[in-house]
Amino acid sequence: MGRLVGRGDVILLIGGLGTGKTCFTQGIAHALGVTDYVTSVSFVLLGEYQGRLPLYHADLFRLDSLEEVAELGLDDVVYQGGVLVIEWAEKGLSAFPREHLQVHIEYLGEHIRRLFFVPQGEHYREVVVALGKMLPEREGERWN
Ligand SMILES: Nc1ncnc2c1ncn2[C@@H]1O[C@H](COP(=O)(O)OP(=O)(O)OP(=O)(O)O)[C@@H](O)[C@H]1O
Ligand SMILES: [Mg+2]
């Protein structure tokens, strides 16, 4: 995913506690060439990292209202051409651009996760198709 994201892309991570949202973000950061370690941003709210593109990482876990989400100024970040990755995005879905990529992460077991990619808009559909082509096909996995 980190190899596929481009300027202004919005990736919304949706999944319960400890499902792997920060880990997924770290993977994107790695592919973007971010050398700082991306940590959980529950207290910082918006983390900014420099890589091939700027990466902005926010965690809405502690936010209680849509107004608080709006105050983060995430729109500006998108317009500045960074990649925006949001944990607990379900807390503020309506505050994000209508076109975005939702990644739903499910905990299936200690070492097993299931990811659903839900693209909103043609651009993100193309990203998901490209992602499917990059990954080896394995039994039990579906791309459609
Ligand atoms: N794809 C994965 N497969 C197996 N284990 C994973 C995967 N992703 C993350 N983990 C493990 O799950 C644990 C929680 O990961 P992580 O902190 O990324 O979750 P989170 O969704 O960000 O949690 P929180 O809700 O607290 O923000 C870590 O121990 C991590 O190593
Ligand atoms: Mg996290």
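As a reminder, the structure under discussion sits directly above these lines.
Heads up: these notes are all about the structure in this document. This one's a predicted model, so the numbers in the text were calculated from it and none came from an experiment. Residues take numbers from 1 onward in each chain, read along the sequence in its written order. Here the convention is simple: chains get letters from A, ligands get numbers from 1, in the order in which they are written. Note on the predicted model: pLDDT of at least 70 is required for a residue's local features to be given, and 80 or more for side-chain atom pairs to be given and counted; whole-chain, interface and lining totals, by contrast, use all residues. Excluded from the side-chain calculations are hydrogens and water; all other atoms, namely the structure's heavy atoms, are used.

## Thoughts on the coordination of the magnesium ion (ligand 2)
Here is step 1 of the chain: Coordination of the magnesium ion (ligand 2) by the protein involves Thr22 (OG1) and Glu87 (OE), with metal-donor separations of 2.1 to 2.2 Å. Note that Thr22 is positioned in helix H1 (residues 21–31) and Glu87 in strand E4 (residues 83–87), a separation of 65 residues in sequence.
Here is step 2 of the chain: Only protein chains enter the accessibility calculation, which uses a 1.4 Å probe; a residue whose area is less than 20% of its type maximum is buried, one above 50% is exposed, and one in between is partly exposed. The class for Thr22 is buried, based on a relative accessible area of 18%. Keep in mind that water is not among the atoms, so a site may look incomplete; donors are the N, O and S atoms within 2.8 Å of the metal, or 3.2 Å for Na, K and Ca. Per the convention used, a helix needs a DSSP run of H or I reaching at least four residues, while a strand needs a run of E reaching at least two, with both numbered from the N terminus.

## Quick word on the site of ligand 1
Here is step 1 of the chain: By convention in this text, a residue qualifies as near a molecule or strand provided that one of its non-hydrogen atoms is within 4 Å of it. Gly16, Leu17, Gly18, Thr19, Gly20, Lys21, Thr22, Cys23, Glu87, Trp88, His111 and Arg113 make up every residue found near ligand 1.
Here is step 2 of the chain: In protein, a polar contact means a hydrogen-donor-capable atom and an acceptor-capable atom, both N or O and within 3.5 Å, with residues adjacent in sequence counting only if both atoms are side-chain atoms; elsewhere, any N or O pair within 3.5 Å suffices. A distance of 2.9 Å separates an oxygen atom of ligand 1 from a polar atom in the backbone of Gly20.
Here is step 3 of the chain: In the environment of ligand 1, an oxygen atom lies 2.9 Å from a nitrogen or oxygen atom belonging to the side chain of Arg113.
Here is step 4 of the chain: Only the protein chains shown count as cover for residues, and all accessible areas are computed by the Shrake-Rupley method using a 1.4 Å probe. Relative to its unbound accessible surface of 630 Å², ligand 1 loses 60% to contact with the protein.
Here is step 5 of the chain: Gly falls in the polar group here, along with every residue not listed as nonpolar (Ala, Val, Leu, Ile, Met, Phe, Trp, Tyr, Cys, Pro) or charged (Asp, Glu, Lys, Arg). Here the shell around ligand 1 is composed, by residue class, of three nonpolar, six polar and three charged.

## Observations concerning the sheet that holds strand E3 (residues 54–59)
Here is step 1 of the chain: Ordered in space as E2-E3-E4-E1-E5-E6, the six strands form an open sheet in which the pairing is mixed. Single-partner strands in this sheet number two, and they are strand E2 (46–50) and strand E6 (112–120). Strand-to-strand, the axes of this sheet are offset by a mean angle of 20 degrees, without reference to chain direction.
Here is step 2 of the chain: Think of it this way: DSSP has to see at least two bridges between two strands before they count as a pair. Looking at chain direction, strand E1 (residues 10–14) and E4 are connected through three bridges and run parallel. Looking at E4, one finds that Leu12 is bridged to Ile86.
Here is step 3 of the chain: Across the sheet, H1 lies against E1, E3, E4, strand E5 (100–109) and E6, angled at about 165 degrees from E4, the strand it touches most.
Here is step 4 of the chain: Across the sheet, helix H4 (residues 122–134) lies against E1, E5 and E6, angled at about 145 degrees from E6, the strand it touches most. The angle between two axes is taken between their N-to-C directions and runs from 0 to 180 degrees, where each axis is a line fitted to C-alpha atoms and a helix contributes only its stretch in contact. Contact definition: two residues touch when any of their heavy atoms are within 4.5 Å.

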